[in-house]
Amino acid sequence: MHHCLIFSISSDNVIRGFGSYKIAHHLRKNNWDAEVIDYTTSWELEELKELVRSRVNSNTKFIGFGQLFTCWTITLEVFTKWLKEIYPTLYLLAGMQGFPTYNANYIDYYIIGHAEKALLSLLSQLFSNGESIELHKFEWSNKKVILANSIISPYHAGFMTDLEVQYQDRDFIRDGEWLTMEFSRGCKFKCAFCDFPYLKAKGNYISSKDSFVTQMRENYDRFGVKNYIVADSTFNETTEKIKTYADGVQELNFDPFFSGFLRADLIISRPQDKEHLLNMGFLAHAYGIETLNYKSGKAIGKGMHPDKIKQGFFEIYNYFKTHDRKLFAATLSFIVGLPYETKQTIVSTTEWIDSLPPEVYISIHPLIINKHDYGNASEFSLNWEKYGYSDRNVTDSKSYKDAIQRDSSRDAINWQNEHMTMDEALEIADSVNGSRGSLMKDVWMLASNAMHGMDIEERIITSQSYYDGATGKDRTEKFVKKYIQNKLNCN
Ligand code: SF4
């Protein structure tokens, strides 16, 4: 049986790298022995080498580096150089959703997008005389890149319904941890700024209730896991989808908790969905509100009147705060720089933001417009001039570089329209983000206490996090150190 190691990389080590586990599970179903090594950026170089020495054998074919957002460190560069020197026949592969914004000299292939099919095709070419894989050339890089991030790619893995991930004892998952769950890989909508690859999806492409229940039971019985981040780009596309998993939760002997992306306008227009979300335990909501300017909302495909959105949000908030577990956490995100949005309309948005309960987290970003189409370009990226944007051709401003880095966007334009520049949009975004308090209120950061076993109720009600401050840092380090010791001691 072929063997591989997959190192999961994230910059903050708050939660496990879901993509690496998903790919490892997929490889195991295809007769590979695949082991995931997590929290990689917390490992010392010598520890990484020790682990590799204890694992690599004559069946080892590649070492992978899985990332959600691109991240690379000097230690990883030295580590990959060492791998190439000591194991020259091993391939080094990297996979991620965006484009690599770092320079790594020893990676042989990069896969961009959901990698299940692309990776198997590449491995077939490398080790089974399979067909040559299509590589993509970029003008900004000579990297060997396989694009799996659009429905025009022969390697795309959109709309898959077998989305199961089975964890292993050697993953050393501990009681109280959060994991990630994917229910579907597509979106029925097409917002003009969105570059998610599988839009305007048709038909039924959700994973089965039975598979969901099986995974939930197994993760609870084996590891004590009850809390999940949901990977779906829009979980609440249809009432049927929510109800399917809410029904599944009724078959469990514990109360799970889910956190993920939902469309607020859909909950507002289908009020009965609140009850299904409640029954499911989907109690931490990340809403892409994007704008509270009516014309801007219509321009991007989110046309519900802002007054309805504002009132509807408070109704949702009050519903969850007064029903069943009385738990609710929300992150509302906005985009600065959409068509028709002016500095004045942003001011009225921030006035509404100021009226929100303090525990609601706000996340604002400048609009990102990419110059090139790699098969998944947003409507704005394809037609930015038509929407009134021009390229200032300024790429050395700090704020512009920050924005590019945050979005892993290798070739965004530094735009301006009749109302503002991208730099001004970033300034506005940063000033609002900074005024709303700790990042720990963000629903995506609820999982940060996975490492410390803080109760979810306590975490939400107090808006406190062990991850904050010195105590949190200390607990995080202890958690990761224990994981590293477990990995080094097992083989
Ligand atoms: S922004 Fe969300 S709802 Fe809109 S198209 Fe993208 S994934 Fe779908």
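The rules behind these values
Every chain begins its residue count from 1, and numbering advances along the sequence as written. In keeping with the model being predicted, local features are shown solely for residues with a pLDDT of at least 70 and side-chain atom pairs are shown and tallied solely at 80 or more, while totals for entire chains, interfaces and linings include all residues. Under the scheme used here, helices are H or I runs from DSSP no shorter than 4 residues and strands are E runs no shorter than 2 residues, and both carry numbers assigned from the N terminus. Computation of the radius of gyration draws on C-alpha atoms alone. For the globule rule, the value is 2.2 Å times the number of residues to the power 0.38. Field definition: a residue is buried when 20 or more other C-beta atoms are found within 10 Å of its C-beta, exposed when 12 or fewer are, and partly exposed for counts in between, with C-beta atoms placed from the backbone. Any two residues are considered in contact once their C-beta atoms, placed from the backbone, lie within 7 Å. Two strands make a pair as long as DSSP finds a minimum of two bridges between them. Whether a crossover is right-handed depends on one test, that the path from the first strand over the helix to the second runs clockwise when the strands point away from the viewer. The convention used is that axes are lines fitted to C-alpha atoms, helices contributing only their stretch in contact, and that angles between N-to-C directions extend from 0 to 180 degrees. To count as a nonpolar core, a set of buried Ala, Val, Leu, Ile, Met, Phe, Trp, Tyr and Cys residues must be joined through C-beta atoms within 7 Å. In this scheme, a crossing is called left-handed if the near helix is turned counterclockwise away from the far one by less than a right angle; it is called right-handed if the turn is clockwise. Residue polarity follows a fixed list, in which Ala, Val, Leu, Ile, Met, Phe, Trp, Tyr, Cys and Pro are nonpolar, Asp, Glu, Lys and Arg are charged, and the others, Gly among them, are polar. The span expected for a helix works out to 1.5 Å for each residue beyond the first. Along the arc lie the directions from the helix axis toward the C-beta atoms. Residue ranges assigned to the domains are those given by an automatic or database domain assignment.

**A word on the overall build of the chain**
Phase 1: Within the chain, the regular secondary structure consists of 16 helices and 15 strands.
Phase 2: For a compact globule of 491 residues, the expected C-alpha radius of gyration is about 23 Å, and the chain comes in at 22 Å, within 12% of that figure.
Phase 3: Seen along its three principal axes, the alpha-carbon backbone of the chain occupies a region of about 65 × 55 × 50 Å.
Phase 4: A total of 491 residues make up the chain; the buried ones form 44% of that total.
Phase 5: Sequence-distant contacts, at least 24 apart, represent 75% of the contacts inside the chain between residues at least 6 apart.

**Digging into the pairing of strand 1 (residues 2–9)**
Phase 1: Extensive coverage of strand 1 is indicated by the burial of six of its eight residues.
Phase 2: With six bridges joining them, strand 1 and strand 2 (residues 32–37) adopt parallel strand pairing. Within strand 2, the position partnered with Cys4 by the bridge is Ala34.

**A closer look at the pairing of strand 13 (residues 361–366)**
Phase 1: For strand 12 (residues 329–336) and strand 13, the ladder comprises six bridges, and the chain directions are parallel. From the neighbouring strand, Leu332 faces strand 13, where its bridge partner is Ile362.
Phase 2: In this region the chain leaves strand 12, passes through helix 11 (residues 343–354) and returns to the parallel neighbour strand 13; the handedness of that crossover is right-handed.

**Some remarks on the sheet that holds strand 5 (residues 109–112)**
Phase 1: The strand order across the open sheet formed by seven strands is 2-1-3-4-5-7-6, and the pairing between neighbours is mixed. Strands at the two margins of the open sheet, each flanked by one partner only, are strand 2 and strand 6 (136–138). Across the sheet, the axes of successive neighbouring strands diverge by a mean angle of 30°, strand direction being ignored.
Phase 2: Examined bridge by bridge, strand 1 and strand 3 (residues 60–67) share seven bridges and lie parallel to one another. Counterpart to Ile9 in the pairing with strand 3 is Gln67.

**Some words on the nonpolar core**
The tendency in soluble globular proteins is for nonpolar side chains to be buried side by side.
Phase 1: Of all hydrophobic cores here, the largest spans 125 residues; its most connected members are Ile111, Ala148, Val336 and Ile369.
Phase 2: Other than its neighbours up to four places away in sequence, Ile111 contacts Leu93, Gly95, Ala118, Leu119, Ile146 and Ala148.

**Considerations on the packing of helix 6 (residues 239–249) against helix 8 (residues 273–280)**
Phase 1: Their axes nearest at 8 Å, the elements helix 6 and helix 8 cross at an angle of 30°. Between helix 6 and helix 8 the crossing geometry is left-handed. The segment helix 6 lies against helix 8, with Thr239, Ile242, Lys243, Tyr245, Ala246 and Val249 engaging Asp273, His276, Leu277, Asn279 and Met280.
Phase 2: When its residues are assigned to classes, the contact of helix 6 with helix 8 shows six nonpolar, three polar and two charged.

**Structural notes on helix 5 (residues 209–223)**
Phase 1: Relative to the 21 Å expected for 15 residues at 1.5 Å per residue, helix 5 spans 21 Å between its end C-alpha atoms, a close match to the ideal helical length.
Phase 2: For helix 5, the set of buried residues is Phe212, Gln215, Met216 and Asn219. What you see down the axis of helix 5 is that its buried residues fit within an arc of 100°, all on one side. Structural note: helix 5 exposes Asp210 and Asp221 on the side pointing more than 90 degrees away from its buried face.

**Overview of unusual backbone geometry**
Phase 1: One non-glycine residue, Phe172, lies in the positive phi region at around 50°.
Phase 2: Tracing the backbone shows Phe172 in the loop between strand 7 (141–147) and strand 8 (178–181).
Phase 3: The backbone of Lys200 shows a phi angle near 50°, a positive value even though the residue is not glycine.
Phase 4: On the secondary structure map, Lys200 appears in the loop between strand 8 and helix 5.
Phase 5: For Lys200, a count of 10 C-beta atoms within 10 Å gives the class exposed.

**With respect to the domain arrangement of the chain**
Phase 1: Split by domain assignment, the chain resolves into domain 1 (2–157) and domain 2 (169–447).
Phase 2: Of note, the centres of domain 1 and domain 2, computed from C-alpha atoms alone, are 28 Å apart.
Phase 3: In this assembly, 21 residues from domain 1 lie in contact with 20 residues from domain 2.

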